[in-house]
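One letter stands for each residue in the lines below.
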Amino acid sequence: MDKSGSLEVRWIQGFTNKSIEFVDNKTVCYPSGSHICFLNLETKMQSVLQSPGRGIGALTANGNNRIFAFSEQKLSPSIFVYIFPEFQLKNELKGTAQLDYTSLTLSDGGPYLGCCSSVPDHTITVWNWENAEPICTQPQAGRDVISLVFNPLNWLQLCALGATSLTIWNIEKSASLHVLKSSVIELPATDGSFVERLVPTSHTVSDKLAYFGPEMPPSAIAGLKGDKAENIVSKLCTKARLTPTAICWTATSELYVGCAESFLLRVDAETLSVSIPFNPTTADAIPELRQSNFQGLTVNKNGLIVLGKESEVHCLQIKGTQINITQTWRFERPVTTVMYSPDYETLLLSSNTGQIYMLNLTRSDETVKVLDVLSGNFVAAALLHTDKKICVSVRDSGELQLWSPDGICLGSLSLQTEVTSLACCPIAQYTAVGTASGNVLFIDLNREQQPRLVHQVHLYHTPVDHLVFDQGGHFLLTGASDSHIYVLDAKPSKRFSVIGYTVVPGPILSLSTQGTRDREQVKVLALCSGEGGKNHDGSLLTVLSLPVRGLEGPDCVDRHGCLSTRVLQVSRYEVPHPLKSCVLGVSEVFAYCHKEKTLLRFTLPQDTDSVSSQQVVQLKPEQEVRGHPLGPVSLVLSPHQLWLASVGRDGLLRIREAASMERYIELQCHSSRDGGVRCVSFSADSQTLLTAGFKDGSLVCTNLRIKGGDAGKVNEATQYSQTMDHSLKIIFNTENPILTDWPEWGQGSPCGTEKSEESQVSVGFETVDVTEQDDSYNSLLSAPPSHPTWLENRREAVMKEDNEQYSETKKNLRKTIKELRDTIQEMMRENDSLPDIEHLEQQEFNLDVEEQRRLEAMVEEEVTRVRNEIKWEILEKCYLRDVLKRECWDSMKVKGKAIKAFHSEHEVKNYPLKARTEKEMEDLRRVQNMRKLEKAACTLKKSTNTTSTKEEERGEEGHEAESAAVTGSLSAQLGYSNPYLHDQFSLQTTEQRINQIILLQDVIYRIKTAFNADFEAVHRQKVQELNRVKERNRHIRGIVLELDMTEKLWEPSLTISERPERLLTVDDSEMTAEKYLTPEQKKEEERKKLEEQRRLAAKGDNPRDRALDDMMDRVLEVKKEDILKMEIPPPEFVLTKPGIHWSEEEKKVYKEYEKKTKDLSEEKEKYKKSLETEMKKLQASTKDATERFDETLTKLFEKKVKCEMAIYQEELKITYLVYSVLVEEEIRNRELELKLKLEKTVAHKGEIEEDVKRHEEEVELFHETYDSTVAEDKVLDKEFRKEFFDVPSHVVDQLYKLFKRRPRVQKMRTQTDNNSNLFKEQRLCGSLAPDGLGKMLKAMEELDAPENIPEGLSPSIWEKFCQVRRIKVESEQKVKVKALTLAEMQAFLQKRRDEDKAAQQEIKNLSDELESLHKEKNRFLMDIMVQVLLKQGQVEVSTTDLTADYTDSVLLHRSVVEDHNRTIRTLGEQKIASMVECKDFRKGIIQLQWEHKMMEMQIEDLNNKARDIQMLRLSEEQQDYLNKTDRDSSVSKQVSSLEKTIAFQEKTHQQSVQHRINKIKQLKRHAAKKAEKNVNVEQQLPSMHVTVAERRHIYEATASEENQATKTEERYQEIVQRKNLEDLVRAQAEELALLWAEVERLRMKNFPSLDQLKHN
């Protein structure tokens, strides 16, 4: 059949909006599956081109040249270039792409095509499609390229739009050589700012090295090398940039770029500058454009057409930075693509929902919908069994569509639900549609423009996978994954009633029917996967035989709707291979095995009457042929049973003869890349097939053409179709009017189900007493589902019928059950009142033992499940606990613990340590051995040096002392230093630093180990002290018990932090939940209790032991501790007789009793005091011991602080060393990176030099050719007169003028241009030069016309002249072409020279940077970082922050500072001495001045005294005294008079003393009398106190209010007085302060201080 038939595509539908292009001014093309559709926008006529390869990949077209090109979808794909409308293949381009092409573009300026391949090569290639030769290529250049677009004005320039980038590629020409050069456009940041590209900073040597070493670029820090490193670093270290979404070229070779962030950019392709015409973040931005993502752009005469938000399209007018919206169009669906036709008259817009709009702005502003086929993938499609050959299809979104025989959409209906299957009825014009919700919808198709839903039935809770009508239109069979096959009456007159159902073994994978008119029977074939099969393959075949008539009787189905075996014959078969699909033929089965990829044919046995329905017959394939290369495959048999169609995921449609399956004809209907073919169906005449793609959204209608000798089979198919139509016509004419009269289904959602007639039962749950429950409680536990299926409704109706039929019996049973329940409830109530020994368990009243067992089993199963979950959870936690214990506890050599003080919250922790690994110990031994050898070599070198002196030894000792001072840590002072440590100033190499790190880690380990030893000692001391405290507390507790006191004891203990191992064990006291005991543990506990009871019972009651205990109080001797418990019993007569009746003997006995009691109480008191003293001593001892321990712990804490300081200092040194090693590694990485760049640059420069040399040679050779051509052209000019030597000179002059004359070709071409095109045609030297020569020669024909012959010139000479002139014109054109080519080659050479210079400069820069890095590396290795410990007084750096900045500090030797201090001290003493000398000299001057001034004042005083003496007036006595000469006599007289006066005064004194003595005696006598009176008064004083107290009480009771008021008034007066005094004191203090200030001012004025004198 492969040579005698063929498949032709009739029409194709489907629009995915993947790409749409103009192929001329009125026609657009777009891919649809494996075909390309061409749509005429005016006539709306469609034509189809099938891909010569597999599928359609990228598509592009050029409307000016009427060329379109597309790629195929396969490995190593080709590009096909066609010419429109002839559909002639111009060339097939086979490039280097391995998988696919992402973008294609065609140039307006010549036969050039640009393409970009996908992974793995990402190559951009420019082809000359006329010659099928690539002119230039660039690998790994289109990594994220989405679209390629040529510049319409310059084919040497094209733009590559990437997912996150924008690149302009320039094609540089040199004769026949073409080279692609890229220019990346730097897009702005997402905030609109322009971000500079991250360039690695070149490192130059500075005067000062950075504190933390040289700064390296991120690539050196990360250790990355090469170009990828720069890309990664630039992405990580730069701001997020805009995301371009669409581009378009302008008439000025500029680019408009739309961004997803609603930015609109303008890019100059020459300067690569970027401007922002529209920024949505600015305040004056147009609101309509702020939410636009500019997915589509195109240029028109008036501005720019852009796609706005949602369904809006705007026309923008852009002038500089000003942007305005001139026009806006709104569409019903979101528009995703916009473009202009080549003549710029038609604007085309398309959406991804399947609509294409056209807008002609020159005619009107109204949009015209050209195409509306919706979008989405087709689920199923079928042809109606009518003469119209109308196609019905459904999409996954629920859209049902009708297609005409020419592929025009006639009408559609939205079902608003997910659709899974479709089938067309042969006896009426309707279709059945299966949904994912389990409904079957019946759609009336009589009105093709308006299909309507007329009926639906709910059959499944799962999707309806299969819908099949039998050939006679009697039944509609449905299948799903729940193994139920429903049989529905297909006639509308029967209202599509469900006849019944049957169940097959397992989910249904395939369903087909077969029936003939001569046999009144329909056979159904179902492929099942088995009862437990969950895969998509099956090996069980079930053949059902249904009679066409007689299915309406009551014996055909049971009460639940299941078809009885009387009418349904079932045959079961099993095949050896798992099948994917199958179809039933006439006594045979055609199947496909996906595992073997083969088509199989099985013959069914004819005699099946003797085989039972449960017996499985084994089938073996009669024929086996190779199937499709890519499955799974679906099979369909033609209506006349002669042709078998198969489709698969490879996209192929294959038609075979059913009798012989080897030969086939095939057609690539769909692409295998998009999932291939989903389904296929035949028309009634078997000559038209319909296929639906899986994911490509296309529907393909094909015609089967049979040629030659097989044409008779076509006649058979036609005859069969006519026969079937004739036989079904009567039924069709009867049933179809009935269907037309059916009303449309309810106005609600079509996917809803019919409401159940029975009301839904609401389920309520209440807490009911077990003794009061009845059957109504159980009835609440069941309720019908919210959307019952037909089977559920049928079962519910059966239950209702049963309930009505057996209602009386059920009523009697309920009555009996109620009586029984009442009896049992009465027994349960009686049981509750019985004693425990007679009480029965509640489960013993349960009569439904089976239900009880079932519930117990269910509970036990749930308990087992929960127990297993708990066990797994416990196991998980145990595993986690073991892991944590192993990693964090067992691996620790020293466990972390703490010691807490007794009398404070002070706590000291040890250092948890892990055991050092063998590798660490080996590294330590290696480093120590290395250091031993180095020290031994150094010692040997010193010993061999015989010229050393004592001064050098002293210098070495001083150096050792200095090195000890600058070790940078306190570890040496603590005694834990490692003798093999390097000096900080000698760490030059990386190996030394790594060895130093190992030694410092050993020092830290030693410090921690030593501290842990002290810690353990203190910890043991605390444990011992706690034991002593417990012992003392035990004694104190005994004393307290003897003293019968309630004193609370202080009982310290170890906390969790002091005994961390307690965390790993769980005590029973920590468990809050009750402990779960296994049955074995419960038995063990009961056994122990019984043994204890038996032991106590065996011990019994011993009277002898009880008497001894009562008599001796359970002791054999009285201890001293029992004195406090001793009591002396009183005599018996004390309790029986009163004291007056006692006898003498009894009185003696009582006295002895009193004496003993007194002695015992004294003994008790002494013993109690001794116990109290002992208790106080024990408490004091405990307190002293614990305080001493706290002091020890404080000392340990101080040592811990010192150890922490030392450890932190060593760790800081390790950190510095590690950092220096890392910096050195970064420097090394940077060095390697620079060397790699230098090597690449040198290699690149070498290549450029070779190219320059080669191009120079080429240019030189071409220049020689050009010179020879110019010389030849000049020779033609010179030889002109020689050619016409026989012509008169004046004629020759006239001919020479005509020889120089040229037609104006350029002007003529300009006038013939089409001004409507924005992009003018541009001539380029390489491509359009032959065309220019042809036009010139064509224009020369006018000048060669005979009417231009000068007068008197013979025609022969004119012909010769015309020939010479043509040769001259050709020579001139040749010179022009060569001149342009030479200029082009020179420009290309100059660019290569510029590249060579740039490479040379780059090499110089890299060399300088490498040299600078070497210098910086040497400085870094020499200028090492050291750690110095300084006392507070030795740091002379200002600390503005918490830590001082030592960046500008200098480390000096101590002697230098001491010398400086000594010099400063000497100079200070000299300065002080000079200052003292100056001060003394100045003091002498001031003193002389003061003496001089004092003498002047004395002179003045003496002068005043002299003047006073001269002016003094004397009395007579004074004058006499002054005039007397005998002064001794007058003195003696005065002495005698004074002596007399003294004698008189002594006499008077004696008398006064005697008088005082007498008075004292009198007073003593008076005092004695007063003393006697005082004695009497003291005797009366107690009674007077009582009287006074009584009177005071009376007074207070009567006058308390008055006293309170008086006190309040007094208090108020005191407050007022106090306030006045405070004010007075404050005023006096202020006045006193003023006075003191005035005194101080006067004092300073009169007596200036030395400071003032010094400043003066």
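Note that the structure is predicted; figures quoted are calculated from it, not measured. (Residues numbered from 1 in each chain as written. Predicted model: local features only at pLDDT ≥ 70, side-chain atom pairs only at ≥ 80, totals over all residues. Heavy atoms only, no water.)

Novice: What am I meant to see in the overall build of the protein here?
Specialist: Assigned secondary structure in the protein consists of 25 helices and 61 strands. Of the contacts formed within the protein by residues at least 6 apart in sequence, a portion of 57% connects residues at least 24 apart. When the accessible surface of the protein is summed, it comes to about 100000 Å², and 53% of that surface belongs to carbon and sulfur atoms. (Helix = DSSP H or I, 4+ residues; strand = E, 2+ residues; numbered from the N terminus. Contact = heavy atoms within 4.5 Å. Areas by Shrake-Rupley, 256 points an atom, 1.4 Å probe, with all protein chains shown as cover.)

Novice: Mind showing me how you'd approach the nonpolar core here?
Specialist: Nonpolar side chains tend to gather and get buried jointly when the protein is soluble and globular. Membership of the largest hydrophobic core comes to 47 residues, with the highest contact counts inside it found for Val433, Ile443 and Leu699. If you tally residues by element for this core, the top one is strand 30 (residues 378-383), at six residues. Other than its neighbours up to four places away in sequence, Ile443 contacts Leu400, Leu413, Leu415, Gln429, Tyr430, Thr431, Val433, Pro451, Arg452 and Leu453. With 33 residues, the next largest nonpolar core counts Val908, Leu924, Phe1015 and Ile1214 among its residues. (Core = buried A, V, L, I, M, F, W, Y, C linked by side-chain atoms within 4.5 Å. Buried < 20%, exposed > 50% of the residue type's maximum accessible area, 1.4 Å probe, protein only.)

Novice: Please clarify how the packing of aromatic side chains should be interpreted in this entry.
Specialist: Aromatic ring pairs are reported here in terms of the distance separating the ring centres and the angle at which the planes meet. What the rule picks out here adds up to 28 aromatic pairs. Ring geometry for Phe68 versus Phe70: centroids 6.4 Å apart, planes at 15°, classification stacked. Pair check on accessibility: Phe68 and Phe70 agree, each one buried. The rings of Phe38, Phe68, Phe70, Phe80, Tyr82, Phe84 and Phe87 are connected pair by pair, giving a single aromatic cluster. Taking the ring centre of Tyr1005 as reference, the NZ or CZ of Arg916 above it sits at 4.1 Å. The ring of Phe1388 is capped by Arg1392, whose NZ or CZ atom sits 4.4 Å from the centre of that ring. (Phe/Tyr/Trp six-rings, centres within 6.5 Å; stacked < 30°, edge-to-face > 60°. Lys NZ or Arg CZ within 6 Å of the ring centre and 35° of its normal.)

Novice: Whenever I open this one, the packing of helix 12 (residues 990-1043) against helix 16 (residues 1144-1278) confuses me. Can you help?
Specialist: Packed helices, taken two at a time, are described by the angle between their axes plus the distance between the axes. The N-to-C vectors of helix 12 and helix 16 enclose an angle of 165°; their axes lie 9 Å apart at closest approach. On the basis of the axis angle, helix 12 is roughly antiparallel to helix 16. In this structure, helix 12 meets helix 16 at a crossing whose hand is left-handed. The class makeup of the residues in the contact of helix 12 with helix 16 is 28 nonpolar, 11 polar and 17 charged. (Axes fitted to C-alpha atoms, helices over the stretch in contact; angles between N-to-C directions. Parallel < 35°, antiparallel > 145°, perpendicular 65-115°, else oblique. Left-handed = near helix turned anticlockwise from the far one by under 90°. Nonpolar A, V, L, I, M, F, W, Y, C, P; charged D, E, K, R; others polar.)

Novice: Quick question: what am I supposed to make of the confidence of the model for the protein here?
Specialist: Close reading of the predicted structure is inappropriate where its pLDDT is low. Within the protein, residue pLDDT values average 81, and 86% of them lie at 70 or more. Confidence over residues 199-205 falls short of pLDDT 50; this stretch has 18 contacts with residues more than four positions distant or in other chains. Under a pLDDT of 50 for its full length, residues 946-964 has, in the predicted model, five contacts with residues more than four places off or in other chains. (pLDDT = per-residue confidence, 0-100.)

Novice: Help me understand the sheet that holds strand 56 (residues 688-693), please; the structure alone is not making it clear to me.
Specialist: Two orientations exist for strands paired in a sheet by backbone hydrogen bonds: parallel and antiparallel. Strand order in the open sheet made by the four strands is 1-57-56-55, with antiparallel pairing throughout. A strand with exactly one partner marks an edge of an open sheet, and here the two such strands are strand 1 (5-13) and strand 55 (677-682). Each strand axis lies, on average, 25° off the axis of its neighbour in the sheet, ignoring direction. Here strand 1 runs beside strand 57 (residues 699-706); their pairing, made up of eight bridges, is antiparallel. Pairing of Leu7 across the sheet is with Leu704, part of strand 57. (Pairing = 2+ DSSP bridges.)

Novice: What exactly am I supposed to notice about the side chain of His122 here?
Specialist: As for its placement among the helices and strands, His122 is situated in the loop between strand 11 (112-117) and strand 12 (124-128). Residue classification places His122 among the buried residues on the basis of a relative accessible area of 7%. Residues within four places of His122 in sequence aside, it is in contact with Ser117, Gln138, Pro139, Gln140, Ala141, Gly142 and Arg143.

Novice: Would you mind showing me how to read a negative patch on the surface here?
Specialist: The grouping of Glu1257, Glu1258, Glu1260, Glu1264 and Asp1267 at the surface amounts to a negative patch. Residue position: Glu1260 is located in helix 16. (Patch = residues over 30% accessible without salt bridge, like charges linked within 9 Å, V, L, I, M, F, W, Y side chains within 5 Å. Salt bridge = Lys/Arg side-chain N within 4 Å of Asp/Glu carboxyl O. Lys, Arg positive; Asp, Glu negative; His and termini not counted. Charge placed at Lys NZ, Arg CZ, Asp CG, Glu CD.)

Novice: I keep staring at the pairing of strand 41 (residues 498-503) and nothing clicks. Help me out?
Specialist: Side-chain positions along a regular strand alternate between the two faces of the sheet. By the criterion of burial, strand 41 is predominantly enclosed, with five of the six residues buried. Judged from the five bridges that link them, strand 40 (residues 484-489) and strand 41 form a sheet pairing that is antiparallel. Paired with Leu488 across the strands is Val498, a residue of strand 41.

Novice: Mind showing me how you'd approach the environment of Glu186 here?
Specialist: Among the secondary structure elements, Glu186 is positioned in the loop between strand 17 (177-184) and helix 1 (218-222). Judged by relative accessible area, Glu186 falls into the partly exposed class, the value being 26%. Linking Glu186 and Ser165, residues 21 residues apart in sequence, is a C-alpha distance of 8.2 Å. Looking at Glu186, its side chain comes within polar contact range of the side chain of Arg241, at 3.4 Å. (Polar contact = N/O pair within 3.5 Å; in protein donor to acceptor, adjacent residues only side chain to side chain.)

Novice: Please explain a nonpolar patch on the surface as it appears in this structure.
Specialist: Side chains of Val1450, Leu1452, Val1456 and Val1457 sit close together on the surface and give an oily, nonpolar patch of about 340 Å² of accessible area. Taking relative accessible area as the criterion, Val1457 reaches 33% and is therefore assigned partly exposed.

Novice: Would you take a moment to explain the pairing of strand 44 (residues 538-547) for this structure?
Specialist: Burial runs high along strand 44: seven of the 10 residues are buried. Relative to strand 45 (residues 569-579), strand 44 runs antiparallel, the two sharing seven bridges. Bridge assignment links Gly538 to a residue of strand 45, and that residue is Leu579.

Novice: Just checking my understanding: could you explain the pattern of salt bridges for this structure?
Specialist: Pairing of side chains with opposite charge becomes possible as their charged atoms draw close. One pass over the structure, following the stated rule, counts 66 salt bridges. Close ionic contact of Glu801 with Arg559 constitutes a salt bridge, the shortest N to O distance being 3.9 Å. Note that Glu801 is positioned in helix 6 (residues 790-805) and Arg559 in the loop between strand 44 and strand 45, a separation of 242 residues in sequence. Residue class for Arg559 comes out partly exposed when judged on its relative accessible area of 40%. Linking Glu1411 and Lys1415 is a salt bridge whose minimum nitrogen-to-oxygen distance equals 3.9 Å. Placement of the pair is Glu1411 and Lys1415 together in helix 21 (residues 1355-1422), with a separation of four residues, close to one helical turn. On the basis of relative accessibility, which here comes to 44%, the residue Glu1411 falls in the partly exposed class. A relative accessible area of 46% means that Lys1415 is categorised as partly exposed. One salt-bridge network, held together by shared partners, links Glu172, Lys181, Lys1391, Arg1392 and Glu1395.

Novice: Even after reading the chapter, I still don't get the sheet that holds strand 23 (residues 303-307), so can you show me in this structure?
Specialist: Strand order in this open sheet of four strands is 22-23-24-25, and the pairing throughout is antiparallel. The open sheet terminates on both sides in strands that have one partner only, identified here as strand 22 (297-300) and strand 25 (322-330). Strand-to-strand twist of the sheet, defined as the mean angle between neighbouring strand axes without regard to direction, takes the value 25°. For strand 23 and strand 24 (residues 312-319), the ladder comprises four bridges, and the chain directions are antiparallel. Each bridged residue has a counterpart across the sheet, and for Leu304 the counterpart in strand 24 is Leu316.

Novice: For this particular structure, what's the right way to read the side chain of Asp24?
Specialist: Turning to its location among the elements, Asp24 is positioned in the loop between strand 2 (21-22) and strand 3 (27-32). No salt bridge is formed by the buried Asp24; its nearest oppositely charged neighbour, Arg66, is found at 4.4 Å. Within the structure, the side chain of Asp24 is placed 3.0 Å from the backbone nitrogen of Lys26, a separation counted as a polar contact. Here Thr27 takes part through its backbone nitrogen, which lies 2.6 Å from a polar atom of the side chain of Asp24. The contact partners of Asp24, leaving out residues within four places of it in the chain, are Gly63, Arg66, Phe84 and Pro342.

Novice: Even after reading the chapter, I still don't get unusual backbone geometry, so can you show me in this structure?
Specialist: Most of the time, phi is negative for any residue but glycine, and the peptide bond is trans. Here the bond from Phe84 into Pro85 is cis, since omega is 5°, no more than 30 degrees from zero. Structurally, Pro85 is set in the loop between strand 8 (78-83) and strand 9 (88-94). Of note, the bond from Val119 into Pro120 is cis; its omega dihedral lies within 30 degrees of zero at 5°. Located in the positive-phi region is Ser76, a residue other than glycine, with phi close to 50°. When you line up the elements, Ser76 lands in the loop between strand 7 (67-71) and strand 8. With phi around 75°, Ser483 is a residue other than glycine that occupies positive phi space. Looking at where Ser483 falls in the secondary structure, it is placed in the loop between strand 39 (475-480) and strand 40. With relative accessibility at 11%, the residue Ser483 sits in the buried group.

Novice: Would you mind showing me how to read a positive patch on the surface here?
Specialist: Together, Lys1561, Lys1564, Arg1565, Lys1569, Lys1570 and Lys1573 make up a positively charged patch on the protein surface. Tracing the chain through its elements places Lys1573 in helix 24 (residues 1527-1646). Taking the relative accessible area as the measure of exposure, Lys1573 reaches 52% and is therefore exposed.

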